[in-house]
Amino acid sequence: MSEAVSIDPVTGRKKFNTRAAKATDKIVGKGYSIVSDEKLTTLPEPPAGATFNAAEQRRYREFKEARAGAADYMAMEGAFSKYLDDVYSEPPVERDALHDQCEICVIGAGFGALLLWYRLRQAGFEDVRFCEKGGDVGGTWYWNRYPGIACDVESYSYLPLLEEMGYIPTMKFASGFEILEYCQTMAERFNFYERCLFHTTVEQTIWDQDSERWIVKTDRGDSMQARFVVLANGILTTPKLARIAGMETFAGESFHTSRWDYQVDLKDKRVGIIGTGATAVQVVPEIAKVVKELYVFQRTPSSIDVRDQRETTPQEYATWPNEPNWAVKRRERLALISAGRTALQGNDDFLSGKVDHYKARKSYDRELTPEELVQRQLETNFRIMEQIRARVDAIVKDPETAAALKPYYPYGCKRPTFHDEFLPTFNRPNVHLVDTAPLGVRKINRYGIVHDGTEYPLDVLIYATGFEWMGTGSFNMIRGRDGRTLRGKWEAEGTKTFLGIHSKGFPNLFIMNGPQGGGGQFNFTRVSEMHAKYIVWMLETMRSKDARTVDVTTDAEDEYAQHCAEMDLLSAPFRDCISYYNNDGKAKPGSLAYYGGGKRWHDRRMAAQESMAPYFFDGAPA
Ligand code: NAP
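Let me begin by describing the structure that accompanies this report.

Right, let's talk about the packing of helix α3 (residues 111-122) against helix α7 (residues 176-189) for a bit. At their nearest, the axes of α3 and α7 sit 11 Å apart, and the two run at 25 degrees to each other. Relative to α7, the element α3 lies roughly parallel. The handedness of the crossing between α3 and α7 comes out as left-handed. For the pair formed by α3 and α7, the contact residues are Phe-111, Leu-114 and Arg-121 on the first element and Ile-179, Cys-183, Met-186, Ala-187 and Arg-189 on the second. Of the residues that constitute the contact of α3 with α7, the class distribution is 6 nonpolar, no polar and 2 charged.

Structure below.
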């Protein structure tokens, strides 16, 4: 292998060779299963007369109130930091610390960074450096390699740059392994690897007013100066653990799903998994096939919608690329209908442009107020949830287990999940649902989990307990112009950004996919694309103006924060449950995801780009 850092003889710039070797090739389950049983791939009709009446509303309320305050998570620190170890790569490539300059430093090497790099290169920005915690590209798809992993937004609309890459995913919901390989191919094709410092975690990003540069410090001893910093470090990046008494005493093997330890052979073992979110829904059916006994510790059931996995057909391979921009158009069409149930509403005729509309819009005899519209949508939402609940009864044979698997909250309030094998798994004799509602698992001892006076002895314990949501820069202290940290500013004033991308006092810092960042209707690939295009537009604008710094005005930021709060409150009835989306009920309105929808965000972006009023170049705005 050549040196980790060398000089490109043509450009005179540094080139890196820090991609880590793979630690293992062992993977299990590919999320490829295709289920042909129609009972499993269609939703039952809603029960006749189903309506979101007062009794049903009370049931939802009680379901939520019983869980209030139950969520208790902790960071993986101290004795638990072992859960963060990179189990996928060989140890970091040795290299000297860097004390030099670059124009743009990007944190992350996932979809966001790869997309941004593609656009930057097109626009002629070459002096770009990436810092990535993992040993290779992929971000989410680097870290999450559990059995059964697949995307659950259709892959034709989810994978970025399909046309540019001349690629069509092999399945409607591509396996995570296919997506990881796709990221690696993109990185190779775009000469990304030579610009990326792998196994390099940015720990501090500090604005230096004198030089008008960011000082980027890493866990590898680097201290690099950059004119611009882009946070492309994901939305669900930092894994978290449920805080459970006695967890440190467990004597068996244990790990978090985002660091799947394939060295631990699950065959014939007694395995426990805590959590039933989107991850566990994909893991459970796969590991149930190999373990001796599987105990699924559930606090709140997910909504398990139809997945209807299928292979890409020869005809699709042959015809889709004939339509110019087929993938972008498909993604745009999906964005039109993905506010609800992505997997089902992603009707292929509509998505591939064979019909111009999927469903006629409902018309009303008069224009409804936003509140009335919400009420109507809640009724529709209730009927979808009735179908989801009826599906549980239709598939799960044991009535007590079926009852526990039924969710009572609005569809989409927690992340909807899509699977055709999760529910049937509970009919297997070796799979046991342990209903820990409403408070969850509270006790672990050296042998396993203790719940309601029963001890469940385990050989392996798997934490499927999720990630910090929108924890932008949570593992990176970002200190801006007036010495305040980004976290400190947001804790004191609430989340304050313009478009989710700028935050006042943090000049030349761009946030991709962060709080208040809209543009893509919850398809974060689309959001990344929009943010990447916007950032490149800003850099080009500055280049043409010969501007050194950009910041945003207080007015622009305050007005935008208020807009985010209003949009959040308007759609709050759909998130009336305990969910990571609302920080388990504790988030201030408007502080996390953007709920204004794609169009509103774009309208604001375009208005700003036209008037330029929100921006302040070369100096500190009042
Ligand atoms: P998650 O949705 O946050 O799920 C965490 C689970 O842990 C929840 O079921 C939670 O229960 C449970 N839990 C926490 N403490 C507990 C306790 N003490 N006892 C029992 N249960 C406890 O995390 P995730 O499943 O990893 O998914 C996170 C997100 O990643 C997804 O929503 C999705 O956006 C993304 N993801 C995507 C894909 C994909 O595209 N293929 C796959 C996986 C994940 P409560 O619900 O009661 O809090």
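Another point: the state of the cysteines. Evaluated as defined, the whole model comprises 1 disulfide. Shown here is the disulfide that connects Cys-413 with Cys-577, its sulfur atoms set 2.2 Å apart. Its S-S torsion of about -115 degrees marks the bond between Cys-413 and Cys-577 as left-handed, since a negative value means left-handed. One end of the pair, Cys-413, is in the loop between α14 (399-404) and β15 (417-418); the other, Cys-577, is in the loop between α18 (554-570) and α19 (597-611), and 164 residues separate them in sequence. Distance from the sulfur of Cys-151, which forms no disulfide, to the nearest cysteine sulfur (Cys-183) is 11 Å. Looking at Cys-151, the relative accessible area reads 2%, which means it is buried. In this structure Cys-196 is a free cysteine whose sulfur lies 7.3 Å from that of Cys-131, the closest cysteine sulfur available.

Mapped onto the elements of the fold, Arg-526 is located in helix α17 (residues 524-545). Here Arg-526 sits buried without a salt bridge, and the closest side chain of opposite charge, Glu-332, lies 4.2 Å off (N-O distance). Ignoring any residue separated from it by four or fewer positions in sequence, one finds Arg-526 in contact with Arg-331, Glu-332, Ala-335, Gly-519, Gly-520 and His-602.

Inspection of the secondary structure assignment puts Gln-387 in helix α13 (residues 370-395). Since its relative accessible area comes to 14%, Gln-387 is described here as buried. At 2.9 Å, the side chain of Gln-387 and the backbone oxygen of Pro-44 are in polar contact. With residues up to four places along the chain from it excluded, the contact list for Gln-387 reads Leu-43, Pro-44, Glu-45 and Pro-46.

The next thing to look at is the sheet that holds strand β19 (residues 454-457). Taken together, 3 strands build an open sheet; the order of strands is β17-β18-β19 and the sheet is antiparallel. Each edge of the open sheet carries a strand with a single partner, namely β17 (443-444) and β19. Bridge count for strand β18 (residues 448-451) against β19 is 4 bridges, and the pairing is antiparallel. In the strand pairing of β19, Ile-449 is matched with Tyr-456.

Around the ligand, the surrounding shell holds 26 residues, and the nearest of these are Ala-150, Asp-152, Thr-279, Thr-300 and Tyr-580. A distance of 2.2 Å separates a nitrogen atom of the ligand from a polar backbone atom of Ala-150. At 2.8 Å from an oxygen atom of the ligand is found a side-chain nitrogen or oxygen belonging to Asp-152. The fraction of the free accessible surface of the ligand (910 Å²) that becomes covered by protein chains is 90%. Top contributing element to the shell around the ligand by residue count: helix α8 (residues 278-287), with 3 residues. Looking at side-chain class alone, the shell around the ligand contains 12 nonpolar, 10 polar and 4 charged residues.

Criteria and cut-off values
Residues numbered from 1 in each chain as written. Predicted model: local features only at pLDDT ≥ 70, side-chain atom pairs only at ≥ 80, totals over all residues. Heavy atoms only, no water. Axes fitted to C-alpha atoms, helices over the stretch in contact; angles between N-to-C directions. Helix = DSSP H or I, 4+ residues; strand = E, 2+ residues; numbered from the N terminus. Parallel < 35°, antiparallel > 145°, perpendicular 65-115°, else oblique. Left-handed = near helix turned anticlockwise from the far one by under 90°. Contact = heavy atoms within 4.5 Å. Nonpolar A, V, L, I, M, F, W, Y, C, P; charged D, E, K, R; others polar. Disulfide = S-S within 2.5 Å. Buried < 20%, exposed > 50% of the residue type's maximum accessible area, 1.4 Å probe, protein only. Lys, Arg positive; Asp, Glu negative; His and termini not counted. Salt bridge = Lys/Arg side-chain N within 4 Å of Asp/Glu carboxyl O. Polar contact = N/O pair within 3.5 Å; in protein donor to acceptor, adjacent residues only side chain to side chain. Pairing = 2+ DSSP bridges. Near = heavy atom within 4 Å. Areas by Shrake-Rupley, 256 points an atom, 1.4 Å probe, with all protein chains shown as cover.

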